Protein chains: 2
Amino acid sequence: MSFRAALAVARAPVDLARLPTDATPGFAGDKAAGQQALAAIGTELADLQERLFAEGRSGTESAPGRSVLLVLQGMDTSGKGGTLRGAVGLIDPQGVRITSFKAPTEEERSHDFLWRIRRGLPGPGIVGVFDRSHYEDVLIHRVRALASPEEIERRYGAINDFEAELAEAGTTVLKVMLHISAAEQRERLLARLDDPTKHWKYNPGDVDERELWPAYREAYEVALERTSTATAPWHVVPADRKWYRNLAVANLLLETLRGIDPQWPLADFDVEGERRRLLDQPEIA
Amino acid sequence: MSFRAALAVARAPVDLARLPTDATPGFAGDKAAGQQALAAIGTELADLQERLFAEGRSGTESAPGRSVLLVLQGMDTSGKGGTLRGAVGLIDPQGVRITSFKAPTEEERSHDFLWRIRRGLPGPGIVGVFDRSHYEDVLIHRVRALASPEEIERRYGAINDFEAELAEAGTTVLKVMLHISAAEQRERLLARLDDPTKHWKYNPGDVDERELWPAYREAYEVALERTSTATAPWHVVPADRKWYRNLAVANLLLETLRGIDPQWPLADFDVEGERRRLLDQPEIA
């Protein structure tokens, strides 16, 4: 059983209230076993990522090399930052490009919503990661009515077209919603208040957003339903348990890279000739 | 004995041929002890880096938060990539921004040599890493005469002014030259030829550059001498031993962060009031 198969949602009505937040789909063990399982995939993950990176370095104009785009979405405290550390952190930082999307700047607002997104796309060979993404433009924008219903409606289609275009260009889009319960969010917010080294992560505005929890849930449900496509399905990762969240996202990355099956580039030079050239060079003092 | 003190070079003539490439300044143990010592600093490094990141997130216009810029230079195969994995990889990827400088593009060449460098500078709270840097403009540019002697001469001063400006703005510049021997480079190039999974890293041009080893050594010596300042000294890290190289760079980062001494931001909200607000919120179904 793959994590992808266990976690992907179909392009059909989604009922988040019925999707568990504390289950461990695709994995039967406990926390200790989960941490072991995470450590155990490190070597294969690193190997596949390096192959992808190598492809990107050796790409040509007509075959520039492929890439991955991990899109991380979730309510406040759902663990996007922890996932970056615990799952994405397993990968060689040279091959990773993380882009965090905050409230758009004035310049960004003056363009179409995908403008700033395109600027964050990974180059050939790179695993790009979006900490929040273009989905904010159909989530908070819907909940807070920051755009008209017609514009929001247009965006679902625009997103599907955009992601199809990415797939066409060789970027595999891996979409992950970190799914926590409202009760778990309250615990995490209270824990931030209890710990002075976590106060910087606390934003009173998060409690205001929390009052809109049902509206956000609905906005997520519609977004998942409208944009879970065959080429770029959504995955709902139960995220109340941090160890499982990291294990699941790392495995989703692993399975995605396996699917891409990147190959070591072949030498485009004469290996034997180069060896002789090196061995024949005079000693350098 | 700190690694900084053990590895910093003074603003005085530098004789790289006399600086060892296989020693372990600042550390008395062997490889196994070095790997243990590297693992042992992980927690403190992560803590200090998170504090720096937190400062950056909580910065104001007048106090935007500080940052670090690690500049990695070294001959081909000296291990810049390995250092990114083995030392920089210890840090939360959210707080790291790596910029690799290749041969400049046409657009980059149409600007002053520092133009593209400024675009790669870390924002507040970030550990920026330059894989090659503005120093290429006084290294390969000197060796290959890509700029006039007068222009190269001008650049040493421009670099010192630039780095002083960075220090003024709160960016601590940590300059590291990975120092390998010519014999070690040959071993590493031969090893790349021997292993088909490393062919993509091999570039026949590297052997041509290798023929210019003495000229590069001299260019490095002049650059170190002219740009090792009190605020931004150069550190020459013996890099024939990969374990020591990682240990040294990780410790240089650690000591730099200790020197910055970033502090957890204080809450700018009413902690007790927020706790009550959360506890008083009606249950969310």
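It should be emphasised that the depicted structure is a prediction, and the values quoted were computed from it without experimental measurement.

Once that is clear, we can look at the sheet that holds strand 5 (residues 171–179) of chain B. All names here are of chain B. Read from one edge to the other, the open sheet built from six strands follows the order 1-6-5-2-4-3, with strand pairing classed as mixed. Across the chains shown, the open sheet's two edge strands, defined by having one partner strand only, are strand 1 (8–9) and strand 3 (96–100). In the sheet, strand 5 pairs with strand 6 (residues 234–238) via five bridges, with the strands oriented parallel. By the bridge assignment, His-179 is partnered in strand 6 with Pro-238.

Turning next to the relation of the copies chain B and chain A. Mapping chain B onto chain A leaves a residual RMSD of 0.0 Å; the transformation is a rotation of 180° accompanied by 0.0 Å of translation along its axis. Given the turn and translation reported, the copies of this chain are related as if by a two-fold rotation axis. Taking the C-alpha atom as reference, chain B places Pro93(B) closest to the rotation axis, 3.4 Å from it. Same-surface contact between copies: 100% of interface residues of chain B are shared with the interface of chain A.

Here we take up the UniProt feature "domain: Polyphosphate kinase-2-related" (unreviewed entry) in chain A. Taking the UniProt record as the reference, the feature "domain: Polyphosphate kinase-2-related" (unreviewed entry) is found at residues 30–259 of chain A. Taken end to end, residues 30–259 of chain A comprises 52% helix and 14% strand; its first and last C-alpha atoms sit 27 Å apart.

Our focus in this paragraph is helix 9 (residues 182–194) of chain A. For helix 9 of chain A, with 13 residues, the first-to-last C-alpha span of 18 Å sits near the 18 Å given by 1.5 Å per residue. Within helix 9 of chain A, the full set of buried residues consists of Ala182(A), Gln185(A), Arg186(A), Arg188(A), Leu189(A), Leu190(A), Arg192(A) and Leu193(A).

Turning to the pattern of salt bridges, a few remarks are in order. Inspection of the entire model under this criterion finds 44 salt bridges over all chains. Among the ionic pairs, Arg85(B) bridges to Asp92(A), the shortest N-O distance being 2.9 Å. In this pair, Arg85(B) is assigned in helix 4 (residues 80–86) and Asp92(A) in the loop between helix 4 (80–86) and strand 3 (96–100), connecting two distinct chains. Taking relative accessible area as the criterion, Asp92(A) reaches 11% and is therefore assigned buried. Overlapping salt bridges bring together Asp112(A), Glu151(A), Arg154(A) and Arg155(A) as one network.

So, how was this worked out
- Residues numbered from 1 in each chain as written.
- Chains lettered and ligands numbered in written order.
- Predicted model: local features only at pLDDT ≥ 70, side-chain atom pairs only at ≥ 80, totals over all residues.
- Heavy atoms only, no water.
- Pairing = 2+ DSSP bridges.
- Helix = DSSP H or I, 4+ residues; strand = E, 2+ residues; numbered from the N terminus.
- Least-squares fit on C-alpha atoms with pLDDT ≥ 70 in both.
- Contact = heavy atoms within 4.5 Å.
- UniProt positions renumbered as here; feature names shortened; annotations may be inferred.
- Expected span 1.5 Å × (residues − 1).
- Buried < 20%, exposed > 50% of the residue type's maximum accessible area, 1.4 Å probe, protein only.
- Salt bridge = Lys/Arg side-chain N within 4 Å of Asp/Glu carboxyl O.

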